[in-house]
Amino acid sequence: MASREQFSSKTGFIMAAAGSAIGLGNIWGFPTQTASNGGAAFVVVYFILAYCMAYPALMAELVIGRHSKSNIVTALKGISGDRGAPWFGVLVGIYGVVVASLILSFYAIVAGWMLSYLSESVFNIVGITQYNAWFTEFSFSRNFVFLAVFMALTMFVISRGVTAGIERWSTRLMPLLFILLVALIIYVLTQKGASEGLKVYLLPDFNQLSPKLILDAMGQAFFSLSLGVGTMLIYGSYLSEKENLPKLGAIVTFTDSGIAFVAGLLIIPAIFVAQEHGTTIFTETGSLIAGPDLIFQVLPTLFESMGSVGVFVAFAFFLLMSIAALTSSISMLEVPVSLTTEETSMKRPMATLIIGSAIFVISIIILLNFGALFGLVIDFTTVYSQPVLGILLCVFVGWIWHRNHVLKAIKSGMNDVENSFFWKIWPMYVRFICPLLILANFVQSLRG
Ligand code: PHE
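Residues numbered from 1 in each chain as written. Predicted model: local features only at pLDDT ≥ 70, side-chain atom pairs only at ≥ 80, totals over all residues. Heavy atoms only, no water.

### Overview of the overall build of the protein
When helices and strands are tallied, the protein shows 18 helices and zero strands. Over its C-alpha atoms the protein spans a radius of gyration of 21 Å, differing by no more than 12% from the 22 Å that the globule rule assigns to 448 residues. Projected onto its principal axes, the C-alpha coordinates of the protein cover approximately 65 × 50 × 40 Å. In the protein, buried positions account for 56% of the 448 residues. Taking the intrachain contacts of the protein between residues at least 6 apart in sequence as the baseline, contacts between residues at least 24 apart amount to 82%. Total accessible area on the protein stands at roughly 17800 Å², and carbon and sulfur atoms take up 68% of it. Separation between the mean location of the 23 positive side-chain charges and that of the 22 negative ones in the protein comes to 12 Å. (Helix = DSSP H or I, 4+ residues; strand = E, 2+ residues; numbered from the N terminus. Rg over C-alpha atoms; globule rule 2.2 N^0.38 Å. Buried < 20%, exposed > 50% of the residue type's maximum accessible area, 1.4 Å probe, protein only. Contact = heavy atoms within 4.5 Å. Areas by Shrake-Rupley, 256 points an atom, 1.4 Å probe, with all protein chains shown as cover. Lys, Arg positive; Asp, Glu negative; His and termini not counted. Charge placed at Lys NZ, Arg CZ, Asp CG, Glu CD.)

Below, the structure is given as structure tokens:
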């Protein structure tokens with residue numbers, strides 16, 4: 001067997017894992033969920049849940065991955081040897097792989113829209129405007145073309161492997177993402193109307209707290225840290241035994257929630273700046289426009305009203321969105337590709353081509369039945385499956401895998417783990433609290 005690839009450094013892992021976590025979920029999902037859940041109270045709840053619920057679950061995935069040095073299916077099958085049935089591990093693993101692939105199938109469609117708006121801004125910068133309608137209006141041809149381009153980019157990175165693909169591109173793109181984000185924030189905050197947005201975003205009104213708010217925050221925390229579907233597990237499996245997992249997991253959680261927070265400093269004030277420019281920002285029911293209309297109508301009209309600088313701001317914004325989407329989508333595709341290369345004799349480029357094409361076909365089926373399938377696939381994967389898988393992964397670490405084996409797996413890279421605060425709390429946490437919290441979330445959302 002060829003030796004298994006690894007991230008070449010700690011930074012490489014952090015860039016890749018943060019790249020996976022930081023995606024459309026942060027820059028679009030988090031600010032809009034904040035807006036539609038009444039502002040700052042949501043931000044506070046989200047932060048509490050990100051550290052108290054999502055971080056422990058992330059640790060479960062990283063520990064399983066680094067210990068097993070394999071994809072989610074093989075990893076769970078191996079752990080099941082302790083106190084369970086291997087077929088159960090295989091089944092849960094396959095469920096994770098299917099969900100990761102389906103998330104990619106809708107995510108790539110949305111990412112394609114970002115690329116089409118990005119292309120429009122490039123055309124506008126060079127003065128070609130006759131295609132603007134095609135770039136910005138919903139049509140099969142437009143959706144198909146940019147979906148294909150985005151899938152090709154994702155497949156290109158994954159076909160190159162762990163260091164030359166995932167690590168290299170994450171390390172190149174993440175700093176650029178950060179610079180774009182900061183530049184856009186500085187620009188938007190100097191515009192008229194921004195301070196009103198900041199108030200909505202930063203001053204909590206705890207009367208807004210509701211079960212729905214808490215559930216939305218939990219779902220958001222889960223999606224945002226890419227949990228449940230084996231992405232963090234496989235990235236953990238490419239980590240060296242020398243690394244301190246609880247620390248790296250904390251850095252990734254901190255970076256992910258930090259960027260979500262910072263993205264809110266851009267999007268929410270931008271909505272209010274758009275209002276200054278005459279755009280309607282509230283729906284008929286009085287809540288802030290939050291869905292696709294926000295990104296594809298409110299913000300573009302804002303960019304247009306900014307005069308000649310607007311095309312450049314639009315370019316920076318959609319480039320930011322496209323980069324965020326790409327570093328996340330590669331982590332989704334890595335899940336089925338790693339399974340295939342590790343369990344069959346197929347080489348990585350071929351596995352990437354076949355699996356990427358299959359997911360592309362699923363995306364096309366979704367596009368052709370957009371009304372019926374798009375929302376359905378999103379709900380099936382992110383609302384139902386990610387929490388279920390989250391519970392199952394906690395059960396694997398808390399109940400099926402032997403405690404001594406878990407300890408040994410964490411100990412590598414963190415010698416004094418037994419005396420740490422982490423080891424006092426975390427095992428009990430993944431055993432009881434995490435599954436129960438997620439279960440409560442899940443039951444509520446089923447009821448709702
Ligand atoms: N975390 C990514 C985002 O915030 C989405 C994602 C979900 C990535 C599941 C991988 C797996 O956009």
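### Some remarks on the site of the ligand
Close to the ligand lie 17 residues; A21, G25, Y107, F223 and S224 are nearest. Measuring from an oxygen atom of the ligand, one finds a backbone N or O atom of A21 at 3.0 Å. Y107 is positioned such that a nitrogen or oxygen atom in its side chain is 2.6 Å from an oxygen atom of the ligand. Notes on the ligand: free accessible area 330 Å², of which the protein chains cover 100%. Every element with two or more residues in the shell around the ligand is listed here: helix 1 (10-21), helix 2 (24-36), helix 5 (86-125), helix 10 (211-224) and helix 14 (310-343). (Near = heavy atom within 4 Å. Polar contact = N/O pair within 3.5 Å; in protein donor to acceptor, adjacent residues only side chain to side chain.)

### Structural notes on helix 1
For helix 1, which comprises twelve residues, the first-to-last C-alpha distance of 16 Å matches the rise-based estimate of 16 Å (1.5 Å per residue) to within 8%. For helix 1, a buried count of nine out of twelve residues is recorded, marking the element as mostly surrounded by other parts of the structure. Three or more residues of helix 1 are buried, namely G12, F13, I14, A16, A17, A18, G19, S20 and A21. By the N-cap criterion, in which a side-chain oxygen at the helix start approaches the backbone nitrogen of a residue two or three places on, helix 1 is capped by S9, the distance to T11 being 3.4 Å. (Expected span 1.5 Å × (residues − 1).)

### As for the packing of helix 5 against helix 7 (residues 140-159)
Orientation of helix 5 relative to helix 7, taken along the N-to-C sense of each, is 105 degrees, at an axis distance of 7 Å. One finds that helix 5 runs roughly perpendicular with respect to helix 7. Of the residues in helix 7, those touching helix 5 at L104, A108, I109, A111, G112, W113, L115, S116, Y117 and S119 are R142, N143, F146, L147, V149, F150, M151 and L153. (Axes fitted to C-alpha atoms, helices over the stretch in contact; angles between N-to-C directions. Parallel < 35°, antiparallel > 145°, perpendicular 65-115°, else oblique.)

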